[in-house]
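Report on the structure
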Amino acid sequence: MEAFKNILVAVDFNDTIGDLMGYAESIAEKFGSKVWVVHVAEPSPDFTGYEVGPQYIRDLKAEEFREEHRQLQAMSKLFLDQNIEAEALLIQGSTVQTIIEEVKKLNADLLIVGTHKHGFLFNILSENVSLELLKKAEVPFLAIPIEEEK
């Protein structure tokens, strides 16, 4: 088996991040891997009107992104052993395409994501990020089932 030198963990801000980071930590300890914790934020709308929006809206969005990035950094430190090299990235864009691009850019050897258990009809009618990543990823892929809250 090849060593996983770079592990990319794609996270969303929910309670399951600890589960994903637990798997990443376990693998990183075994192989001496670096863990990249990546969250993809929604892209800016291409068209917001005829004029540029007020500065306070741009400032508010920028502060929201800074806060999300601080949260990502704190989570990676909270859930990962101090001896594991980790870096948190907040990137704006289309979720699937952005993660695939980051896997290539960071030379990730393993992609870890959470997957929700949805029915057939739900998967047909909505974008299933995990399924799309599985189709497009060119590296080993670890999908962690996420328990739905009842």
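Structure shown above.
Just so it is clear, the model here is predicted, and its values are computed rather than measured.

Regarding the packing of aromatic side chains
Following the criterion strictly, the structure yields one aromatic pair and no others. On the basis of an interplanar angle of 80 degrees and a centroid distance of 5.2 Å, the ring pair of phenylalanine 4 and phenylalanine 31 is categorised as edge-to-face. Taken together, the residues phenylalanine 4 in the segment before strand 1 (6-10) and phenylalanine 31 in helix 1 (residues 17-31) connect sequence positions 27 residues apart. Assigned by exposure class, phenylalanine 4 and phenylalanine 31 land together as buried.

Here we look at helix 3 (residues 95-105)
Taken together, the buried positions of helix 3 are Val96, Thr98, Ile99, Ile100, Glu102 and Val103. With its phi angle positive at about 55 degrees, asparagine 107 sits one or two positions after the end of helix 3.

What about the nonpolar core?
The biggest cluster of nonpolar side chains holds 21 residues, and the ones touching the most others in it are Ile7, Val9, Val11, Ile27, Val35, Val37 and Ile112. Elements with a contribution of two residues or more to this core: strand 1, helix 1, strand 2 (34-41), helix 2 (55-79) and strand 4 (110-116). At seven residues, helix 1 tops the list of elements feeding residues into this core. Non-local contacts of isoleucine 27, meaning those with residues more than four positions away in its chain, are made with Phe4, Ile7, Ser33, Leu110, Ile112 and Leu142. Residues Leu8, Ala10, Val38 and Ile99 belong to the second largest nonpolar core, which totals 17 residues.

Some points on the packing of helix 3 against helix 5 (residues 129-136)
One way to put it is that helix 3 packs onto helix 5 with a least axis distance of 10 Å and a crossing angle of 40 degrees. With respect to helix 5, the element helix 3 is oriented oblique. Relative to helix 5, the crossing made by helix 3 is right-handed. Counting all contacts with helix 3, which are made through Thr95, Val96, Ile99 and Ile100, the residues of helix 5 involved are Val129, Glu132, Leu133 and Lys136.

Quick look at the pattern of salt bridges
In the structure shown here, the tally under the stated rule is seven salt bridges. Between glutamate 67 and arginine 70 there is a salt bridge, with the nearest N and O atoms lying 3.1 Å from each other. With glutamate 67 and arginine 70 both in helix 2, this residue pair falls three residues apart, about one helical turn. Measuring nitrogen to oxygen at the nearest pair gives 3.6 Å for the salt bridge that ties glutamate 102 to lysine 105. Placement of the pair is glutamate 102 and lysine 105 together in helix 3, with a separation of three residues, close to one helical turn. Its relative accessible area of 7% is what places glutamate 102 among the buried residues. Taking the relative accessible area as the measure of exposure, lysine 105 reaches 61% and is therefore exposed. Among the charged side chains, a network of salt bridges with common partners joins Glu63, Arg66, Glu67 and Arg70.

Definitions and limits used
- Residues numbered from 1 in each chain as written.
- Predicted model: local features only at pLDDT ≥ 70, side-chain atom pairs only at ≥ 80, totals over all residues.
- Heavy atoms only, no water.
- Phe/Tyr/Trp six-rings, centres within 6.5 Å; stacked < 30°, edge-to-face > 60°.
- Helix = DSSP H or I, 4+ residues; strand = E, 2+ residues; numbered from the N terminus.
- Buried < 20%, exposed > 50% of the residue type's maximum accessible area, 1.4 Å probe, protein only.
- Core = buried A, V, L, I, M, F, W, Y, C linked by side-chain atoms within 4.5 Å.
- Contact = heavy atoms within 4.5 Å.
- Axes fitted to C-alpha atoms, helices over the stretch in contact; angles between N-to-C directions.
- Parallel < 35°, antiparallel > 145°, perpendicular 65-115°, else oblique.
- Left-handed = near helix turned anticlockwise from the far one by under 90°.
- Salt bridge = Lys/Arg side-chain N within 4 Å of Asp/Glu carboxyl O.

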